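Okay, here's what each chain looks like letter by letter:
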Amino acid sequence: MAKVYNWQLGREMSYPLEGAYPDRQWAFVFNINRCIACQTCTYACKSTWTFSKGQEYMWWNNVETKPYGGYPRYWDVKALALLDEAHQKANMRSGWTAGARDVQQPYGLYDGMTLFEGAEKEDPQQEVILGYEPTDDEWATPNWYEDTASAPPSKPGDMTLDAASLPEHGAWFFYLQRVCNHCTYPACVAACPRQAIYKRPEDGIVLIDQARCRGYRKCVMACPYKKTMYRPTTRTSEKCVACYPRIEGNDPMAPGQPLETRCMAACPGKIRIQGLVKMGPDGSWAEDRYNPVYYLVKVAEVALPLYPQFGLQPNGYYIPPRWAPRPYLRQMFGPGVDRAIEKYSAPDRELLAVMQLFRATQEIIFRYEIIEGPKVFEATINGRQWEMYNDTVVGFGQDDQEVCRVKVEEPQYIRPDKHYNSI
Ligand code: SF4
Ligand code: SF4
Ligand code: SF4
């Protein structure tokens, strides 16, 4: 295997292919705290890309309820079990050590094995990554355990709210929104014996060439996030295409301008923002301080990768839910969880302004600027004084043209009383 640098792990790691990096990488941030599980994103994708015969069980975007839900069922439990088994066999510990934290090593050092390294240790001649193929049964129920909490809130007749108090709820669930991560080190690309899967040099989008695919399902087995899916009617695998015509600026809505994808643009909860981040020569992100996705991940550090220990350097980032148990969140998003929740719970002036950019426009924002406004509110949060300012944040598109302008305080519109039901 080749050696590549994985900044999410803070170290070099083994990967079956030589590192090859796009100029800009498609990446997104999902704010779990705001998701209402309406599944509008799921249907925006389905009605655009997967409405045909043979795609009945194919959900490129899905929203599942954690801790029990998953599509396919148990996908993460099974991947974690494979990793754990590999560590036990090798008599190794898996974990993180706090290192010198900097922009290249923001979460410290992961000193366990990745799924690639686990496979290398077991038998380098066999599979390129530890994986498995889900059963038909596991693919059959995309919203299994919807809205099911980890425990009953209290005993019958008990009206206490203890189970639902911060910092951690006693009974909890949260929604996990999932699309393909268009990973920097994609397992699907590495595993395909036909070289049918490729990562585009211009934006890092990972696509399956339908003409080359022979439906061996090695990608389905390899992707730990289970985001490649087999279509029996064509006998090929398919996956999220990152709505590439929109990224290329071919949507008639804004000709020539890169637009956010269908699942991002449709989200009524305003939990999603997407961008194109600049890549460095070793797969790290090049500094782009005022790109909102760069800012949220690298500067504010409120958005974290999903299961970074798998080793794929996924390009999807999540603002973790404030109320879920920290150990559960740490195994899912790594050691940055506590810092991210603390920052999100009492956002500073810049973070609060940038958070307003979520769903402010369908055009991809490449840069933002903040115009300072007056102080409008103050409070004590977690024992500390907190102030809110009605700043204005301006987003700029690819050609540095203004694409949105929003204030921290939401404007109120009062309907004239000539309308029925006017208040
Ligand atoms: S559309 Fe947005 S709010 Fe609704 S389920 Fe999807 S991510 Fe959540
Ligand atoms: S999430 Fe899975 S399907 Fe998507 S790029 Fe990564 S390995 Fe491939
Ligand atoms: S990015 Fe496009 S193709 Fe991918 S899940 Fe979202 S809507 Fe579907």
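Computed from a predicted model, the values in this text were never measured in an experiment. (Residues numbered from 1 in each chain as written. Chains lettered and ligands numbered in written order. Predicted model: local features only at pLDDT ≥ 70, side-chain atom pairs only at ≥ 80, totals over all residues.)

## What to know about the overall build of the chain
Part 1: A count of helical and extended segments in the chain gives twelve helices and 19 strands.
Part 2: Here the chain has a C-alpha radius of gyration of 22 Å; the compact-globule value for 423 residues is 22 Å, and the two agree.
Part 3: Considering only C-alpha atoms, the chain reaches an extent of 70 × 55 × 45 Å along its principal axes.
Part 4: By residue count, 44% of the 423 residues in the chain fall in the buried class.
Part 5: Contacts spanning at least 24 positions in sequence make up 63% of the contacts within the chain whose residues lie at least 6 apart. (Helix = DSSP H or I, 4+ residues; strand = E, 2+ residues; numbered from the N terminus. Rg over C-alpha atoms; globule rule 2.2 N^0.38 Å. Buried ≥ 20, exposed ≤ 12 C-beta atoms within 10 Å, placed from the backbone. Contact = placed C-beta atoms within 7 Å.)

## What about the site of ligand 1?
Part 1: Lining the immediate environment of ligand 1, one finds 14 residues, of which Cys35, Cys38, Cys41, Cys267 and Gly269 sit closest.
Part 2: Among the residues making up the shell around ligand 1, the classes are represented as nine nonpolar, four polar and one charged. (Near = placed C-beta within 6 Å. Nonpolar A, V, L, I, M, F, W, Y, C, P; charged D, E, K, R; others polar.)

## Considerations on unusual backbone geometry
Note on backbone geometry: most residues besides glycine have negative phi, and most peptide bonds are trans.
Part 1: That bond from Lys66 to Pro67 is cis: its omega, 20°, falls within 30 degrees of zero.
Part 2: Inspection of the secondary structure puts Pro67 in the loop between strand E4 (62–66) and helix H2 (75–89).
Part 3: For the peptide bond that leads from Tyr71 to Pro72, omega is -5°, which places it in the cis range.
Part 4: One non-glycine residue, Arg359, adopts positive backbone phi at about 65°.
Part 5: Here Arg359 lies in the loop between helix H12 (349–355) and strand E15 (367–371).

## Examining the site of ligand 2
Part 1: The environment of ligand 2 is made up of 14 residues, and the closest members are Cys180, Cys183, Pro186, Cys188 and Cys223.
Part 2: Its residues assigned to classes, the shell around ligand 2 comprises nine nonpolar, three polar and two charged.

## Focus: helix H11 (residues 337–345)
Part 1: When we look at burial in H11, the residues that qualify are Val337, Ala340, Ile341 and Tyr344. Buried residues in H11, looked at end-on, bunch into an arc of 95°, giving them a common side.
Part 2: Residues of H11 that are buried sit in contact with strand E13 (304–305), strand E14 (316–319) and helix H10 (326–333). (Arc of directions from axis to C-beta.)

## As for helix H3 (residues 115–122)
Part 1: Where burial is concerned, most of H3 is hidden: six out of the eight residues are buried.
Part 2: Buried within H3 we find Leu115, Phe116, Glu117, Gly118, Ala119 and Glu120.
Part 3: For H3, the elements touching its buried residues are strand E2 (11–15) and H2.

## Focus: the sheet that holds strand E18 (residues 392–396)
Part 1: Sheet architecture is open: three strands sit in the order E15-E18-E19, paired in antiparallel fashion. Two strands in the sheet have a free side with no partner beyond their single neighbour: E15 and strand E19 (402–407). Put simply, the sheet's adjacent strands are angled 20° from each other on average, direction ignored.
Part 2: Looking at chain direction, E15 and E18 are connected through five bridges and run antiparallel. For Ile370, the partnering residue across the bridge sits in E18 and is Val393. (Pairing = 2+ DSSP bridges. Axes fitted to C-alpha atoms, helices over the stretch in contact; angles between N-to-C directions.)

## Side note on the domain arrangement of the chain
Part 1: Its domain assignment divides the chain into domain 1 (2–345) and domain 2 (349–407).
Part 2: A C-alpha centroid distance of 26 Å is found between domain 1 and domain 2.
Part 3: Contacts between the two partners involve 25 residues from domain 1 and, on the opposite side, 16 residues from domain 2.
Part 4: The set of elements that each furnish at least two residues to the side of domain 1 that touches domain 2 consists of strand E12 (272–278), helix H9 (292–299) and H11.
Part 5: Per-element tally for the side of domain 1 that touches domain 2: the top contributor is E12, with five residues.
Part 6: Residue composition of the side of domain 1 that touches domain 2, grouped by class: 15 nonpolar, six polar and four charged. (Domains from an automatic or database assignment.)

## Regarding the nonpolar core
Part 1: The biggest cluster of nonpolar side chains holds 110 residues, and the ones touching the most others in it are Val29, Ile129, Cys188, Ala191 and Ala222.
Part 2: Residue assignment places this core across two domains, with domain 1 (2–345) and domain 2 (349–407) each supplying three or more.
Part 3: What Val29 contacts, discounting residues up to four positions off in sequence, is Ile273, Val293, Leu296, Val297, Ala303, Tyr317 and Ile319. (Core = buried A, V, L, I, M, F, W, Y, C linked by C-beta atoms within 7 Å.)

## Structural notes on the pairing of E18
Part 1: Burial of E18 is one-sided: the residues Val393 and Gly395 facing one way are buried, the residues Thr392, Val394 and Phe396 facing the other way are not.
Part 2: Bridge analysis of E18 against E19 gives five bridges, and the strand direction is antiparallel. Looking at the pairing, Val393 lines up with Val406 of E19.
Part 3: What sits between the antiparallel neighbours E18 and E19 is a turn of five residues, in which Asp400 has the positive phi angle 65°.

## Notes on the environment of Val302
Part 1: Looking at the element boundaries, Val302 is found in the loop between H9 and E13.
Part 2: Looking at Val302, the number of C-beta atoms within 10 Å reads 26, which means it is buried.
Part 3: With 48 residues separating them in the primary sequence, Val302 and Ala254 have C-alpha atoms 31 Å apart.
Part 4: Sequence-distant contacts of Val302, that is, excluding residues within four places in its chain, are made with Leu296, Ile319, Ala340, Lys343, Tyr344 and Leu351.

## Regarding the sheet that holds strand E3 (residues 24–31)
Part 1: On the basis of which strands lie adjacent, the open sheet formed by four strands has the order E12-E3-E14-E13 and mixed pairing. Both edges of this open sheet fall to E12 and E13, since each of them pairs with a single strand only.
Part 2: Strand direction decides the pairing type here: E13 and E14, joined by two bridges, are antiparallel. Within E14, the position partnered with Pro305 by the bridge is Tyr317.

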